[in-house]
Amino acid sequence: MIILVVIAYSLLFIFEFFPLYNQKQWRDLWLTMILGLCSFTLIALLSFGVKIPSPAMPIKNVILSIFGK
Amino acid sequence: MRREQITDKQAICLIIIFYIGSSFILGVDGESKNDAWISGILGMFMAAPMLFMYARILSLFPEKSMFDIFELVFGKTIGKAFILIYIWYSFHLGALVIRNYGEFINTVAMPETPIFITMLVLTVVCMLAVRSGIEVIGRISASVLPILFFIITTVILMSIPKMNFHFIKPILGDGILPVVKGGFSAFSFPFAESVVLMGGFFSLKTKKSPYKVYLIGTVIAGILIIIITLRSIVILGETFTKFYFPTYVAVSMISLGDFIQRIELTVSVVFVFGVFIKSSMCLLVSSKGIAKLFNLQDYRSIVIQVGILMLYFSYTVYDSIMEMKGWAFIVYPYYAFPFQVIFPLIIFMAAEIKVRRNKKGDENSI
């Protein structure tokens, strides 16, 4: 699974980051790279079977504690 | 850069498909049982003042998106805080819609395919559409809506033999309270969700276009949603709230002359188009918000990364379909209330004051 992820992100790197580098859009490039790093970390964790915490339950608890049910 | 522009007709089609996106399949309300159609009407009327407010904000600042308006009205710092809030809302909403789609396909059509794959396919299409721009999304909406109308009307006509109109009785059998609660649920999902479109309707033609688009779009979509809800009730009766996808189950019962059967696929077609447009708009708005936040030249360079993050978020947001349905009907109306009512109200008041002060300033200088 992780191999697939690495291949997919390598392709993304070639087709997404290089055009921005060539156009010298540094701000866009930095932001895209940071977002890409975040997404790569997330998918790597998911592919190793790590459970990412969801905000759905905390939001539900807050809402129920305010409004009750 | 060339300014993107969509016609009023395209925007109306877009808003109709946006509304029927996920509410068409999930239903508008889980509380008021066979009075859900009244809740739908109530929700539409509750949403009317809010929609006028959204349209007013847009018409005060023509050719500006929601994010430009925040900075113009509140200045850099507070404006950026508002931008952040609406980036989160549109990002979250987009993820929830993608998850609805994933659960639907996983439950009714492809139970053995991993949910991640079905959601990935939708997200890729959304990313391509958003990269092409709002004009393309507008044109897709305008060309697809007649097909969706045809499908919906034909299916309603076909379902007439299965209808039992005594299922809508007793009207208000449990009193008015569940209906009002259901109306609130219908208000926040789907009608007031159109606050997200304030980020996409920077491309309307005239100052009066937002009013026209919001009014006509909401009335048509509202009538459509109410008819669909009524159809599900008169086919399934009170049990219709017990299904995850009542519309799908109601249509699956249609059988004409033993050869027109299994036409529930048509429901999937409508749903898939609806979800595609809705999640594309959410992706577009959150990308535009991020681009505005970081002063990027164009939002297109980050669409793919935001789309991928949205996909991962939608994958991790719920553990099961039970959690999804419970969250959508019990928690979501309260969670979305600040984004749909309180913040727009603050923005509306601040925008009115700002515009009037500017006008006075101009008059004094003359």
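Model, not experiment: these values are computed from the prediction. (Residues numbered from 1 in each chain as written. Chains lettered and ligands numbered in written order. Predicted model: local features only at pLDDT ≥ 70, side-chain atom pairs only at ≥ 80, totals over all residues.)

A short note on the overall build of chain A
The number of helices and strands found in chain A is three helices and zero strands. If you list the helices and strands of chain A from N to C, you get α-α-α. Taken over the C-alpha trace, chain A has a radius of gyration of 18 Å; the compact-globule value for 69 residues is 11 Å, which it surpasses by more than 25%. For chain A, the spread of C-alpha atoms along the three principal axes comes to 55 × 30 × 10 Å. Split into buried and exposed, the 69 residues of chain A put 10% on the buried side. (Helix = DSSP H or I, 4+ residues; strand = E, 2+ residues; numbered from the N terminus. Rg over C-alpha atoms; globule rule 2.2 N^0.38 Å. Buried ≥ 20, exposed ≤ 12 C-beta atoms within 10 Å, placed from the backbone.)

Here's the deal with the interface of chain A and chain B
On the chain B side, the residues contacting the 21 residues of chain A number 19 residues. If one sorts the elements of the side of chain A that touches chain B by residue count, helix α2 (residues 26-47) of chain A sits on top with 11 residues. (Contact = placed C-beta atoms within 7 Å.)

Thoughts on helix α10 (residues 303-317) of chain B
Counted at 1.5 Å a residue, the expected span for α10 of chain B with its 15 residues is 21 Å, and the 20 Å between its end C-alpha atoms agrees. Within α10 of chain B, 14 of the 15 residues are buried, leaving the element largely enclosed by the surrounding structure. (Expected span 1.5 Å × (residues − 1).)

Things to note about the nonpolar core
All names here are of chain B. Core analysis: the biggest nonpolar cluster contains 129 residues, and Ile15, Ile16, Ile17, Tyr54, Met281, Leu283 and Met310 have the highest contact counts within it. Broken down by element, this core gets its largest block of residues, 19 residues, from helix α3 (residues 66-109). Dropping the residues within four chain positions of it, Met310 is found in contact with Phe91, Gly94, Ala95, Ile98, Thr123 and Leu283. (Core = buried A, V, L, I, M, F, W, Y, C linked by C-beta atoms within 7 Å.)

Looking at the packing of α3 of chain B against helix α4 (residues 115-132) of chain B
Residues and elements named next belong to chain B. In the contact formed by α3 and α4, the axes pass within 9 Å of each other and the chain directions differ by 130°. It follows from the interaxial angle that α3 and α4 lie oblique. The handedness of the crossing between α3 and α4 comes out as right-handed. Within the contact between the two elements, α3 uses Ile98, Tyr101, Gly102, Ile105 and Asn106 and α4 uses Ile115, Thr118, Met119, Leu122 and Thr123. A class-by-class count of the residues in the contact of α3 with α4 yields six nonpolar, four polar and no charged. (Axes fitted to C-alpha atoms, helices over the stretch in contact; angles between N-to-C directions. Parallel < 35°, antiparallel > 145°, perpendicular 65-115°, else oblique. Left-handed = near helix turned anticlockwise from the far one by under 90°. Nonpolar A, V, L, I, M, F, W, Y, C, P; charged D, E, K, R; others polar.)

Considerations on the confidence of the model for chain A
Mean pLDDT over chain A works out to 88, with 99% of the residues at or above the 70 mark. When mean pLDDT is compared element by element in chain A, α2 of chain A scores highest at 92, while helix α1 (residues 2-22) of chain A scores lowest at 87. (pLDDT = per-residue confidence, 0-100.)

So, the environment of Ser143 of chain B
Examined against the element boundaries, Ser143 of chain B turns out to sit in helix α5 (residues 134-158). Separated by 133 residues in sequence, Ser143 of chain B and Gln10 of chain B place their C-alpha atoms 8.8 Å apart.

Brief notes about helix α11 (residues 321-365) of chain B
Taking 1.5 Å of rise per residue, 45 residues should cover 66 Å, and α11 of chain B covers 61 Å from first to last C-alpha, within 8% of that figure. The largest bend along α11 of chain B reaches roughly 55° and is located at Tyr332 of chain B, with the proline Pro333 of chain B sitting one to four residues downstream. (Bend = angle between axes of the 7 residues up to and from the residue.)

Structural notes on the confidence of the model for chain B
Scored by pLDDT, chain B comes out at a mean of 90, with 99% of its residues at no less than 70. Taking the mean pLDDT of every element in chain B, the minimum, 87, falls on helix α8 (residues 246-252) of chain B and the maximum, 95, on α4 of chain B.

Overview of the packing of helix α2 (residues 36-60) of chain B against helix α6 (residues 177-188) of chain B
Residue and element names in this part refer to chain B. Packing of α2 against α6 leaves a shortest axis separation of 7 Å and a crossing angle of 55°. Classified by the interaxial angle, the pair formed by α2 and α6 is oblique. With respect to the hand of their crossing, α2 and α6 are arranged in right-handed fashion. Note on element contacts: α6 touches α2 through Val179, Val180, Gly182, Gly183, Ser185, Ala186 and Phe187, opposite Ala36, Ile38, Ser39, Gly40, Leu42, Gly43, Met46 and Ala47. A class-by-class count of the residues in the contact of α2 with α6 yields nine nonpolar, six polar and no charged.

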